[in-house]
Amino acid sequence: MIEAYFIHLLILIGIYIILAISLQLTLGFTGLLNLGHIAFFAIGAYTAALLTLNGTPFIIALLLAGVFAMLSGFLLSLLTKKLKGDYLALATIAFTFVVYAIALNWTKLTRGPLGLPGIPKPSFFGISFSSNFSFLILTLIIVLITYLIIKKITISPFGKVLEAIRDDELATKVLGKNTFKMKGYALAISAFFAGLAGSLYAHYITFIDPSSFTLLQLIPILIIVIVGGLASLRGTIIATIVLILLPEVLRFIGIPSTILGPMRQIIYALILLLILIYKPKGFYGKVELE
Amino acid sequence: MGRWSWNKMLRIQNLKKHFGGVRAVDGCSFEVKKGEITALIGPNGSGKTTIFNLISGILKADFGEVFLNKQKITNKKIYHISNLGVSRLFQQARLFNNLTVRENLLLASNQEDTKFWKNLFFKNKIKKYKIDDLKRISKLVGIDGFQNKLARNLSYGQKRLVGIARAILNYPKVLMLDEPVAGVNPLLRKRIAKILLQLKKQGETIFLIEHDMNFTLGIADRVIVVDEGKIIAEGTPKQIKHNPKVLEAYLGE
């Protein structure tokens, strides 16, 4: 029993790590105030669910979930070409609402508020991932791939251009870099991994509906990124583990589940407040924004 | 090649830019010659920085043309103009504050860094001559001692020097410096003058804006004076020093 509970927590941590470090790529490294991450997560989840419910093999659906999210990321970067800072934040929030509204209202495709039940557990090359333990292994593999790719991007000269854009976009352009294209890459890659996370989520919970993809779901991910520190992958991973496990401790000191939900939000809000006051760069952040 | 011979690196033709009713640049034509130091001077608000912004593509011209080495670069994209050979130092240093000095410089010299797939799958090796140039220029400018320091931790003077080095390492055909010695102490001012003369000796073409008359007249080969968006005088420092129009507009005498 306790074992199953821990496996469940680890899978959640894995999915959140993918979401948070892919958000770091746009928010922490490129300095794009991207609040549309949940929309990419939703696109991935719905793509994977709809494809596998219609008989597409898991692995293909997984990749297509990433690709669809990536394409929408690229589309979003085209649409927000001229926007910066707060305006980009507003546009990406609007994007989240648009995707949510589509999930809710395109009932022929998504069944709207009824959601999509019975999403099959993944299996490929004859290996079934129906037990939670095997699903955890699958999640960890994808977490590892995500981490390695994003790490490689950020330490490469390409990553330095992204950081240069964050620090001073005009100066980056003047050095001869097509910053618009570079931001498009960043947003598309970030969206790709959010799409993979969405696919994992859909197959793990086996049921999705639009309520899992509102702006509210972005808040824990944003808090993880801020607590861990901008542009720090290590900080992000540690923050994910701590912030997901922290409220669970309350379970063991006898606080009932009904109070735990609201408690979690209060705890997160409190942590965010304390971090912003006492450690504005987060625990591992090195970046100071102007 | 007719009237515009090979030694004109930058040619500006009847350039105009209006901001609402204000004629910031009002029909300017001039040239920057290859291998020379050309200075653009004029009172505050006379349109010097606007001219720089028009050349580097940050602003779009309402009228007129900009040629780099006979190639028309008017109103091209900023990064495109930069890749064609126009490098620019801003009035503020505008360094990448969360990167090291070395990373700042590499961003200027290494143009392979924008290739995504190459960077993802291969070790992006920077060409040896670029590393050598980076070392040479760092030494020339005097910033070789703190290559691994974060840009945000540098002093004001150090930031200016890194900014100058970064602009040079962008391998420009013409190096445009917007007030390279603004706000720096006299000692550093002398050093920057020496650096610029050294660069000129190496064949660089330099186009700069400067308020400090002594500094400008000391190093420039040719001086262009603008006032209210118009060119009011052009010539050698000696000629400019004694031009009554310049004295009136610029020095208020």
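Remember, it's a predicted structure, so these values are computed and weren't measured experimentally.

1. Quick word on the overall build of chain B
The helix and strand tally for chain B stands at ten helices and ten strands. In terms of overall dimensions, chain B has a C-alpha envelope of 60 × 40 × 40 Å along the principal axes. Once local pairs closer than 6 in sequence are excluded, the contacts in chain B between residues at least 24 apart make up 65%.

2. Re the sheet that holds strand β1 (residues 8-19) of chain B
Residues and elements named next belong to chain B. The strand order across the open sheet formed by four strands is β2-β1-β4-β5, and the pairing between neighbours is antiparallel. Each edge of the sheet is formed by a strand with only one pairing partner; in this case those strands are β2 (22-33) and β5 (71-72). Bridge count for strand β4 (residues 63-68) against β5 is two bridges, and the pairing is antiparallel. Among the inter-strand pairings, Leu68 is bridged to a residue of β5, identified as Gln71.

3. Quick word on the interface of chain A and chain B
On the chain B side, the residues contacting the 23 residues of chain A number 26 residues. Secondary structure elements with two or more residues in the side of chain A that touches chain B: α6 (132-155), α7 (157-167), α8 (169-174) and α9 (179-205) of chain A. Take the side of chain A that touches chain B: its biggest share by element is seven residues, from α7(A). Broken down by class, the residue content of the side of chain A that touches chain B amounts to eleven nonpolar, three polar and nine charged.

4. Structural notes on helix α12 (residues 257-278) of chain A
Residues and elements named next belong to chain A. End to end, α12 covers 31 Å across 22 residues, agreeing with the expected 32 Å (1.5 Å per residue, within 8%). At Met263, α12 shows its largest bend, some 25°. Sparse coverage of α12 is indicated by the burial of one of its 22 residues.

5. Details of the sheet that holds strand β7 (residues 174-178) of chain B
Residues and elements named next belong to chain B. The strand order across the open sheet built from six strands is β6-β7-β8-β3-β9-β10, with neighbouring strands paired in mixed fashion. With one partner strand each, in any of the chains shown, β6 (86-89) and β10 (230-235) form the two edges of the open sheet. For this sheet, the mean inter-axis angle between neighbouring strands, taken without regard to orientation, is 20°. Where β7 lies against strand β8 (residues 205-209), five bridges are found, and the strand directions are parallel. The residue bridging Met176 from the neighbouring strand is Phe207, located in β8. Most of the contacts of helix α1 (residues 48-55) go to β7, to which it runs at about 145°, and overall it touches β3 (37-41), β6, β7, β8 and β9 (222-227).

6. Points about α9(A)
Spanning 27 residues, α9(A) covers 39 Å between terminal C-alpha atoms, matching the ideal 39 Å at 1.5 Å per step. Of the residues one or two after α9(A), A:Thr206 is the one with positive phi, at around 65°.

7. Looking at unusual backbone geometry
Residues and elements named next belong to chain B. One non-glycine residue, Asn14, lies in the positive phi region at around 45°. Following the sequence through the fold, Asn14 ends up in strand β1. Although it is not a glycine, Tyr171 sits at a positive phi angle of roughly 50°. Structurally, the position occupied by Tyr171 is in the loop between α6 (156-168) and β7.

8. Section: the environment of B:Ala167
Residue and element names in this part refer to chain B. Structurally, Ala167 can be placed in helix α6. C-beta crowding within 10 Å serves as the criterion here: with 21 such atoms nearby, Ala167 is assigned to the buried category. Linking Ala167 and Gly218, residues 51 residues apart in sequence, is a C-alpha distance of 22 Å. Ignoring anything within four residues of it in the chain, the contact list for Ala167 reads Ser87, Arg88, Leu89, Leu175 and Leu177.

9. Side note on the packing of helix α1 (residues 2-29) of chain A against α9(A)
All names here are of chain A. The interhelical angle for the contact between α1 and α9, taken along N-to-C directions, is 165°, at an axis separation of 8 Å. In terms of orientation, α1 lies roughly antiparallel with respect to α9. For α1 against α9, the interelement crossing comes out left-handed. Contacts between α1 and α9 involve Ile11, Ile15, Ile18, Leu19, Ser22, Leu23, Leu25 and Thr26 from the former and Ala186, Leu187, Ile189, Ser190, Phe193, Ala194, Leu196, Ala197, Leu200, Tyr201 and Tyr204 from the latter.

10. Concerning the packing of α1(A) against helix α11 (residues 233-252) of chain A
In a pair of packed helices, the angle between the axes and the distance between the axes together describe the arrangement. All names here are of chain A. Running from amino to carboxyl end, α1 crosses α11 at an angle of 140°, the nearest separation of the two axes being 9 Å. Note that α1 runs across α11; the crossing there is right-handed. Here α1 contributes Leu9, Leu12, Ile13, Tyr16, Ile17, Ala20, Ile21 and Gln24 to the contact with α11, which in turn contributes Leu233, Thr236, Ile237, Thr240, Ile241, Ile244, Leu245 and Glu248.

11. Quick word on the nonpolar core
Counting residues in hydrophobic clusters, the biggest one holds 154 residues, and the most contacted among them are A:Ile18, A:Leu19, A:Ala42, A:Ala197 and B:Ala165. Ranked by the residues each element gives to this core, the list is headed by α9(A), at 16 residues.

12. Notes on the confidence of the model for chain B
All names here are of chain B. Chain-level pLDDT for chain B is 88 on average; 96% of the residues reach the 70-or-more range. Looking across chain B, the model is least confident in helix α10 (residues 244-250), with a mean pLDDT of 76, and most confident in β8, with 94. Here residues 1-5 scores under 50 on pLDDT; set against residues more than four positions off or in separate chains, the count is two contacts. For this predicted complex, the interface score ipTM comes out at 0.89, alongside a pTM of 0.89.

13. Some details on the pairing of β2(B)
Residues and elements named next belong to chain B. Summarising the sheet, β1 and β2 pair through nine bridges and their orientation is antiparallel. Each residue of the ladder has a partner; that of Phe19, found in β2, is Val22. What sits between the antiparallel neighbours β1 and β2 is a turn of two residues, in which Gly20 has the positive phi angle 60°.

14. A look at the pairing of β8(B)
All names here are of chain B. Across the five residues of β8, five count as buried, placing the element largely inside the fold. Covered by surrounding structure in β8 are Thr205, Phe207 and Ile209 together with Ile206 and Leu208, the residues of both alternating faces. Pairing of β3 with β8, which is carried by four bridges, proceeds in the parallel orientation. Paired with Thr38 across the two strands is Phe207, which belongs to β8. Once you follow β7 into helix α7 (residues 186-201) and on to β8, the crossover reads as right-handed.

Calculation criteria
Residues numbered from 1 in each chain as written. Chains lettered and ligands numbered in written order. Predicted model: local features only at pLDDT ≥ 70, side-chain atom pairs only at ≥ 80, totals over all residues. Helix = DSSP H or I, 4+ residues; strand = E, 2+ residues; numbered from the N terminus. Contact = placed C-beta atoms within 7 Å. Pairing = 2+ DSSP bridges. Nonpolar A, V, L, I, M, F, W, Y, C, P; charged D, E, K, R; others polar. Expected span 1.5 Å × (residues − 1). Bend = angle between axes of the 7 residues up to and from the residue. Buried ≥ 20, exposed ≤ 12 C-beta atoms within 10 Å, placed from the backbone. Axes fitted to C-alpha atoms, helices over the stretch in contact; angles between N-to-C directions. Parallel < 35°, antiparallel > 145°, perpendicular 65-115°, else oblique. Left-handed = near helix turned anticlockwise from the far one by under 90°. Core = buried A, V, L, I, M, F, W, Y, C linked by C-beta atoms within 7 Å. pLDDT = per-residue confidence, 0-100. Right-handed = clockwise from strand over helix to strand, strands pointing away.

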